[in-house]
Amino acid sequence: MAAQDATRILLADDHALVRRGVRLILDSEPGLTVVAEAGDGKEAVDLARSVEIDLAILDIAMPRMTGLQAARELSSRQPDLRILMLTMYDNEQYFFQALKAGAAGYVLKSVADRDLVEACRAAMRGEPFLYPGAVNALIRNYLNRARLGQTIPEQILTAREEEVLKLVAEGHSSKEIAGTLFISVKTVERHRANMLQKLGLRDRLELTRYAIRAGLIEP
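In this report, the structure presented in the accompanying data block is examined.

So, how was this worked out
Every chain's residues receive numbers from 1 upward, in the order its sequence appears when written. Only residues with pLDDT of at least 70 get local features here, since the model is predicted, and only at 80 or more are side-chain atom pairs given and counted; chain-wide, interface and lining totals rely on the full set of residues. Think of the side-chain values as coming from all heavy atoms in the structure, minus any hydrogens and water. Every helix listed is a DSSP run of H or I at least four residues long, and every strand listed is a run of E at least two residues long, numbered separately from the N terminus. Three exposure classes are used, based on accessible area relative to the maximum for each residue type with a 1.4 Å probe and protein chains only: buried under 20%, partly exposed in between, and exposed over 50%. Two residues form a contact once any of their heavy atoms are found within 4.5 Å. To be clear on the numbers: accessible area is Shrake-Rupley with a 1.4 Å probe, and residue cover counts the displayed protein chains and nothing else. The span you would expect from a helix comes to 1.5 Å times its residue count less one. Salt bridge, as used here, is a side-chain nitrogen of Lys or Arg placed within 4 Å of a carboxyl oxygen of Asp or Glu. Here, a strand pair is defined by DSSP locating no fewer than two bridges between the strands. When the strands point away from the viewer and the path from the first strand over the helix to the second turns clockwise, the crossover is right-handed. The angle between two axes is taken between their N-to-C directions and runs from 0 to 180 degrees, where each axis is a line fitted to C-alpha atoms and a helix contributes only its stretch in contact. Put simply, angles under 35 degrees are roughly parallel, angles over 145 are roughly antiparallel, angles from 65 to 115 are roughly perpendicular, and the rest are oblique.

1. Section: the overall build of the protein
Along the protein, the regular secondary structure elements total 10 helices and six strands. Evaluated residue by residue, the protein yields a buried proportion of 48% over its 219 residues. A fraction of 64% describes how many contacts in the protein between residues 6 or more apart in sequence connect residues 24 or more apart. With the model as given, the accessible surface of the protein reaches about 11100 Å², and the carbon-plus-sulfur share is 54%.

What follows is the structure in C-alpha cells.
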C-alpha cells in the first residue's frame, strides 16, 4: 500500500507510555500510520476537526471526556469515521455501550500487541472486531433476550449521568461539576440522586467504586 493510501489514525489515551507502545505497534505495520495523538476524549474530538483521519482508537477511561463520550460525538459528526475502543477492562456493559456509541471493535490492552492491528484492518474493511470474551457476551445476551422475548437493554445511565458520575468519582464537588457541565448545582444533585437509586448504591464512595469497575476512571 502506498504511503498516501495508508490508514490515518488518531490515537487517544491519557497515558503517554501506552500511546507510545501502541504507536510503535501501529507505525511498524504497512498501511497504518498514526497522524495525531490525544491525551483525553475532548482533545480527540477537537483534533478530529482539524486533522484528516480514517480511524480513531480511543481509550475508554480518560479525563474530561471518556472514550465512549468521544465516540458518540465523533460518530454523530463523522459517520464514515471508523472507531475502535481500547481498554484494560473486559466489561460486558461497556462493551455493549461501545457498540451503541458507534465503535467497530473493542480491543483489550493486555493483548493489544496481538489483536490491535487485526482490529484496525477489520474496521477499515467495514467489519466488526470482537475478542473471544465479547463474542461470548453477545451470544449470551442474544440467547437471554430470545428466551425472555426482550429487545436490547438500554444503558443503565444516561450520557449526562455518566458525565456527572465520572466527575463525582474524580473527586469534584457539586459546584465544580455544575461549572464544568454548565448546569445548576441543583441539577447535579438530582443526577447524583438518580444514579444512586438506579444503581442501588448509597454514597459517593460506592459511586466511585462503580465508576472504576465500569471503566469510567482508572483506580
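2. Concerning helix H5 (residues 112-124)
Its 13 residues give H5 an end-to-end C-alpha distance of 17 Å, which sits within 8% of 18 Å, the value for a rise of 1.5 Å per residue. Among the residues of H5, those classed as buried are Ala-112, Asp-115, Leu-116, Val-117, Ala-119, Cys-120, Ala-122 and Ala-123. Count one or two residues on from H5 and you reach Gly-126, which has phi positive near 80°.

3. Regarding the pattern of salt bridges
This model, assessed by the stated rule, comprises 19 salt bridges. Arg-8 is paired through a salt bridge with Asp-54; the nearest N and O atoms lie 2.9 Å apart. Of this pair, Arg-8 sits in strand S1 (residues 7-12) while Asp-54 sits in the loop between helix H2 (41-50) and strand S3 (55-59), and the two are 46 residues apart along the sequence. Judged by its relative accessible area of 26%, Arg-8 falls in the partly exposed class.

4. Remarks on the pairing of strand S5 (residues 105-108)
Taking every second residue as pointing to the same face, both faces of S5 are buried, with Gly-105 and Val-107 on one and Tyr-106 and Leu-108 on the other. The pairing of strand S4 (residues 82-87) with S5 spans four bridges and is parallel. Residue pairing in the sheet places Leu-86 in a bridge with Val-107 of S5. The pairing of S5 with strand S6 (residues 129-130) spans two bridges and is classified as parallel. Bridge pairing in S6 places Gly-105 opposite Phe-129. The parallel pair S5 and S6, bridged by H5, forms a crossover whose chirality is left-handed.

5. Observations concerning the sheet that holds S5
An order of S2-S1-S3-S4-S5-S6 is seen for the six strands of this open sheet, with the pairing classed as parallel. Two strands in the sheet have a free side with no partner beyond their single neighbour: strand S2 (32-38) and S6. Judged from the six bridges that link them, S1 and S2 form a sheet pairing that is parallel. Residue Leu-10 lies in a different strand from S2, and its bridge partner there is Ala-36. Packing against the sheet, H2 makes contact with S1, S2 and S3, and its axis sits at approximately 120° to S2.

6. Some words on the environment of Glu-218
Of note, Glu-218 is situated in the segment after helix H10 (204-214). Spatially, the C-alpha atoms of Glu-218 and Ala-169 are 10.0 Å apart, while their sequence positions differ by 49 residues. Not counting residues up to four positions away in its chain, the partners in contact with Glu-218 are His-15, Asp-59, Ala-61, Met-88, Tyr-89 and Lys-109.

7. Some points on the packing of helix H8 (residues 174-181) against helix H9 (residues 185-199)
Close contact between H8 and H9 brings their axes to 8 Å; oriented N to C, the two are set at 105°. Taken together, the axis directions place H8 and H9 in an arrangement best described as roughly perpendicular. Taking contact as the criterion, the partners of Ser-174, Lys-175, Ile-177 and Ala-178 in H8 are, on H9, Val-185, Val-188, Glu-189 and Arg-192.

8. As for unusual backbone geometry
Phi at Arg-64 is positive, roughly 65°, even though this residue is not glycine. Within the secondary structure, Arg-64 sits in the loop between S3 and helix H3 (67-77). We classify Arg-64 as exposed; its relative accessible area is 57%.

9. Observations regarding the environment of Ala-159
Of note, Ala-159 is situated in helix H7 (residues 159-169). Using a relative accessible area of 36% as the deciding quantity, one classes Ala-159 as partly exposed. For the pair Ala-159 and Leu-68, spaced 91 residues apart in the sequence, the C-alpha separation amounts to 9.3 Å. Beyond its immediate sequence surroundings of up to four residues, Ala-159 is in contact with Gln-69 and Arg-72.

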